[in-house]
Amino acid sequence: MDQLGTLAETFFDWGSMRSAISDLLTTGVPNTLILAVTSAVIGTVLGLLLAVAGIARTRWLRWPARVYTDVFRGLPAAVTILLIGVGLAPQGMEIWGPDPYPLGVLALSLIAAAYFGEIFRSGIQSVEAGQFEAARALGFSYAAAMRLIIVPLGVRRVLPAWVNQLIALIKDSSLIYFLGLTAEQRDLFRIGQDSAATTGNESALVLAGLFYLLLTVPLTHLVNVIDRRLRHGRATRNGGEGGEPTADTPDTSTPEAPPVPGPTPVPEGAARA
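Residues numbered from 1 in each chain as written. Predicted model: local features only at pLDDT ≥ 70, side-chain atom pairs only at ≥ 80, totals over all residues. Heavy atoms only, no water.

Novice: Mind showing me how you'd approach the packing of helix α2 (residues 14-54) against helix α3 (residues 59-74) here?
Specialist: Helices that pack against each other are described as a pair by the angle of their axes relative to one another and the distance between those axes. With their axes 7 Å apart at the nearest point, α2 and α3 run at an angle of 130 degrees to one another. The angle between α2 and α3 falls in the class oblique. Considering only the axes of α2 and α3, their crossing is left-handed. Taking contact as the criterion, the partners of L50, A53 and G54 in α2 are, on α3, L61, R62, A65, Y68 and T69. Partitioned by chemical class, the residues of the contact of α2 with α3 number 5 nonpolar, 2 polar and 1 charged. (Axes fitted to C-alpha atoms, helices over the stretch in contact; angles between N-to-C directions. Helix = DSSP H or I, 4+ residues; strand = E, 2+ residues; numbered from the N terminus. Parallel < 35°, antiparallel > 145°, perpendicular 65-115°, else oblique. Left-handed = near helix turned anticlockwise from the far one by under 90°. Contact = heavy atoms within 4.5 Å. Nonpolar A, V, L, I, M, F, W, Y, C, P; charged D, E, K, R; others polar.)

What follows is the structure, given as structure tokens:
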């Protein structure tokens, strides 16, 4: 019982949580969303470019895309953030001053691009070759067929995987505290960590984790909804349960062929004549 009491006091003290909840709501949540959403947008654009380069005909596009993906997927996120945040800090000071957010967003975007690129590449390559051949037969150029048909189809297929990676990006945004943040720039994790260091109680850090859950759990359910719609939405629109056609579905069954008429009977008198 003493151990349970110590555990409750250390991680679930309501007084410590109440003292940190205001900063978590007004500062931590907005900053975490800014980091995650901005990095996701930039990473998605870069990831699409990497995916297209990774399946390009020329090796001068394929090889750099492959090397980039291997490097940024292989390095720990904390190492990448430190390399960019500290290595490019002098240039950042000259351009936008001491604000570490732009370099943090850049680091997260480069990391996300490597993962998004692999997700999009697998989706594009999963599109049937017949789709591309049909587009070419209709007169589309290679670039137009990829841009208007193949890439949109491939991206649509990997939306659940993209949302899963967005969830990971929200959690990785907590590593930006390595670059040093002012009181107004702190994200959820940094606020919880500062409160834990000040009070000697880890409850605020647990509360920050609960806020991460509130941000990521709805996205997890969104993944399930998207996946279900992609898998079963077309079948639901084209037919009812069990594959039966609905009232709005045209009857595409083959109509029964009319009977073939037999020979015309000859009257008996005409036969004797």
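Novice: What is the right way to read the packing of helix α6 (residues 101-125) against helix α9 (residues 159-172) from this model?
Specialist: Relative orientation of the contacting elements α6 and α9 amounts to 165 degrees, with a least axis distance of 10 Å. Here α6 lies roughly antiparallel to α9, going by the angle between them. Read as a crossing pair, α6 and α9 show a hand that is right-handed. Contacts between α6 and α9 involve L108, A112, Y115, F116, I119 and F120 from the first element and A161, W162, Q165, L166, L169 and D172 from the second. For the contact of α6 with α9, the class distribution of residues is 10 nonpolar, 1 polar and 1 charged.

Novice: Would you mind going over the environment of A168 with me for this structure?
Specialist: Among the structural elements, A168 can be located in helix α9. Residues A168 and A112, 56 residues apart in the sequence, show an inter-C-alpha distance of 9.2 Å.

Novice: I tried to follow the nonpolar core on my own but got confused; where do I start?
Specialist: Considering soluble globular proteins, one finds that nonpolar side chains tend to be buried as a cluster. L24, I81, I124 and L188 are the most contacted members of the largest nonpolar core, which totals 51 residues. At the level of secondary structure, the elements contributing two or more residues to this core comprise α2, α4 (77-87), α6, α8 (142-157), α9, α10 (188-199) and α11 (203-238). Ranked by residue count, the leading element in this core is α6, at 13 residues. Setting aside anything within four residues of it in sequence, one finds L188 in contact with L24, G28, V29, T32, A208, F211, Y212 and L215. (Core = buried A, V, L, I, M, F, W, Y, C linked by side-chain atoms within 4.5 Å. Buried < 20%, exposed > 50% of the residue type's maximum accessible area, 1.4 Å probe, protein only.)

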